[in-house]
Amino acid sequence: KCDKIIALTNDWKDFFEKEVGLGNVTVIENVIPDPQLQEECNNEKTHLLFLGLIHRDKGIYDLLEVINNHKHEFIDNLELHVGGNGEVQNFNSKIDQYELGDIVTYEGWVNGDKKTGLLNSADALILPSYIEGLPMVILEAMSYGLPVLSTPVGGIPAVITAEDGILFNPGDKDDIYRAISQFISLDTTKRGQMRNEAMKKSEPFRPGSISNKLKMLYQELLNE
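Residues numbered from 1 in each chain as written. Predicted model: local features only at pLDDT ≥ 70, side-chain atom pairs only at ≥ 80, totals over all residues. Heavy atoms only, no water.

1. What to know about the pairing of strand 3 (residues 46-51)
Then comes step 1: The buried fraction of strand 3 is high, at six of six residues.
Then comes step 2: Neither face of strand 3 is open: one carries T46, L48 and F50, the other H47, L49 and L51, and all of them are buried.
Then comes step 3: The sheet contact formed by strand 3 and strand 4 (residues 78-83) spans six bridges and is parallel. By the bridge assignment, L49 is partnered in strand 4 with H81. (Buried < 20%, exposed > 50% of the residue type's maximum accessible area, 1.4 Å probe, protein only. Helix = DSSP H or I, 4+ residues; strand = E, 2+ residues; numbered from the N terminus. Pairing = 2+ DSSP bridges.)

As structure tokens, then:
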């Protein structure tokens, strides 16, 4: 009964057209705020950032287990900063149990200036989710030039490629370790290339671009 169906990605558009049989589907991506870029940090260690719900479905406990299993390797070259709500008590208990306080920092629920600071100081975003649509946090991180380490679920493969991130299988701890180790080993030039590609790919999701698409859609509907 709808005049238009809005899908977030071309993959979802294909699904609605082929599986549901709709012919009135258009793609308008999620909108993210323009980034508030600050001076780049020269981190001695690789700083990974996780932002999201602290829950098994987000793969956060898999990530802690991988870091614990390779603690002696990561202690000198990796820091993980975690922001979000959810199973906070259980998460902090795992950090204590694994004795990961020198590697993993729980930042609490973050927004505003603190979130901006974390996005500016991180080297990459990591999101080892089992289930996703097209996470806003990935798009926002890319606007800050962060390569993304994540899983090929939902709409993620539509935006993350080898040019701007590393994909690994959900729940596969060996694959998570591979992805982290691969990113840590990248030289400055390669990281810079990935940073530029991430920022470029985020541009269609910024307010100016989405505003234009919405105006065109509304105008089309009003003229029908």
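2. Looking at the pairing of strand 5 (residues 104-108)
Along a regular strand, successive side chains alternate from one face of the sheet to the other.
Then comes step 1: When strand 4 meets strand 5, the two strands line up parallel, connected through four bridges. Residue pairing in the sheet places H81 in a bridge with T105 of strand 5.
Then comes step 2: Between the parallel elements strand 4 and strand 5, the chain passes through helix 4 (residues 88-98) in a crossover that is right-handed. (Right-handed = clockwise from strand over helix to strand, strands pointing away.)

3. Looking at the pattern of salt bridges
Then comes step 1: What the rule picks out here adds up to twelve salt bridges.
Then comes step 2: A salt bridge links K115 to E140, with the nearest nitrogen and oxygen atoms 3.1 Å apart. In this pair, K115 sits in helix 5 (residues 112-121) while E140 sits in helix 6 (residues 136-143), placing the two residues 25 residues apart along the sequence.
Then comes step 3: With relative accessibility at 23%, the residue K115 sits in the partly exposed group.
Then comes step 4: Assessed through its relative accessible area of 14%, E140 is described here as buried.
Then comes step 5: Salt-bridge contacts for E197 lead to K200; the nearest nitrogen and oxygen are separated by 3.5 Å. Taken together, the residues span about one helical turn, with E197 and K200 both in helix 8 (residues 188-202) at a distance of three residues. (Salt bridge = Lys/Arg side-chain N within 4 Å of Asp/Glu carboxyl O.)

By themselves these figures say nothing about function.
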